Amino acid sequence: VAEAERQLAALQVLTGTTPVSGPGLSITITDPERAVDAAVLLDAVQELRDAGAEAIQVGDTRVVVDTWFADSPDGVVASGDPVPAPIRILAIGDPETMNAALSIPGGLAESVRTRGADFAASAVQDLSISVTVPEST
């Protein structure tokens, strides 16, 4: 029973159906010229996942397996919802590992700054991602 409950909890985190908290990284991208597009945000999610992020939120959207990003006349959308400015990304996982991954040459920080936007990342010891996706039946 304990193992089944552990597996259920892990699946709830992966599917985004439960809030998550723990150490992580808070990222803010200030982009008044809207040069940061959907491809950059998709790269950000991939880099964070590769660096061990367990849960990610972009703007007001919890990122799960079927989350998508697109460009619109009003800016980037995540699964159809506008990503508000400044762009805020929260990621639960080891903050040092994720920050190092985003800071490598050619990584997210450089990509954002090359487009003329500002990139800031800070470690948070007790970060909360409270946005969830509805459970499907």
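Look up: the structure comes first, before these words.
Residues numbered from 1 in each chain as written. Predicted model: local features only at pLDDT ≥ 70, side-chain atom pairs only at ≥ 80, totals over all residues. Heavy atoms only, no water.

Trainee: Explain the overall build of the protein chain here, please?
Mentor: Helix and strand counts for the protein chain stand at four helices and eight strands. Tracing the protein chain from N to C terminus, the helices and strands come up as α-β-α-β-β-β-β-β-β-α-α-β. Relative to a compact globule of 137 residues, whose C-alpha radius of gyration would be 14 Å, the protein chain shows 15 Å and is just as compact. Counting only contacts in the protein chain whose residues sit at least 6 apart along the sequence, the fraction spanning at least 24 positions is 79%. Within the structure as shown, the protein chain displays about 7600 Å² of accessible surface, and the carbon and sulfur contribution to it stands at 52%. Within the protein chain, the 20 negative side-chain charges are centred at a point lying 1 Å from the centre of the 7 positive side-chain charges. (Helix = DSSP H or I, 4+ residues; strand = E, 2+ residues; numbered from the N terminus. Rg over C-alpha atoms; globule rule 2.2 N^0.38 Å. Contact = heavy atoms within 4.5 Å. Areas by Shrake-Rupley, 256 points an atom, 1.4 Å probe, with all protein chains shown as cover. Lys, Arg positive; Asp, Glu negative; His and termini not counted. Charge placed at Lys NZ, Arg CZ, Asp CG, Glu CD.)

Trainee: Please clarify how the nonpolar core should be interpreted in this entry.
Mentor: Across soluble globular proteins, nonpolar side chains have a tendency to be buried as a group. Residues Ile29, Leu41, Leu48, Ile56, Val58, Phe69 and Ile89 are the most contacted members of the largest nonpolar core, which totals 29 residues. Contributions of two or more residues to this core are made by β1 (20-30), α2 (38-50), β2 (55-58), β5 (75-78), β7 (87-92), α3 (95-103) and α4 (108-114). For this core, the element with the highest residue contribution is α2, accounting for six residues. Ignoring sequence-local partners within four residues, the contact set of valine 58 consists of Leu41, Val45, Val63, Phe69, Val83, Arg88 and Ile89. (Core = buried A, V, L, I, M, F, W, Y, C linked by side-chain atoms within 4.5 Å. Buried < 20%, exposed > 50% of the residue type's maximum accessible area, 1.4 Å probe, protein only.)

Honestly, it's all geometry; don't read function into it.
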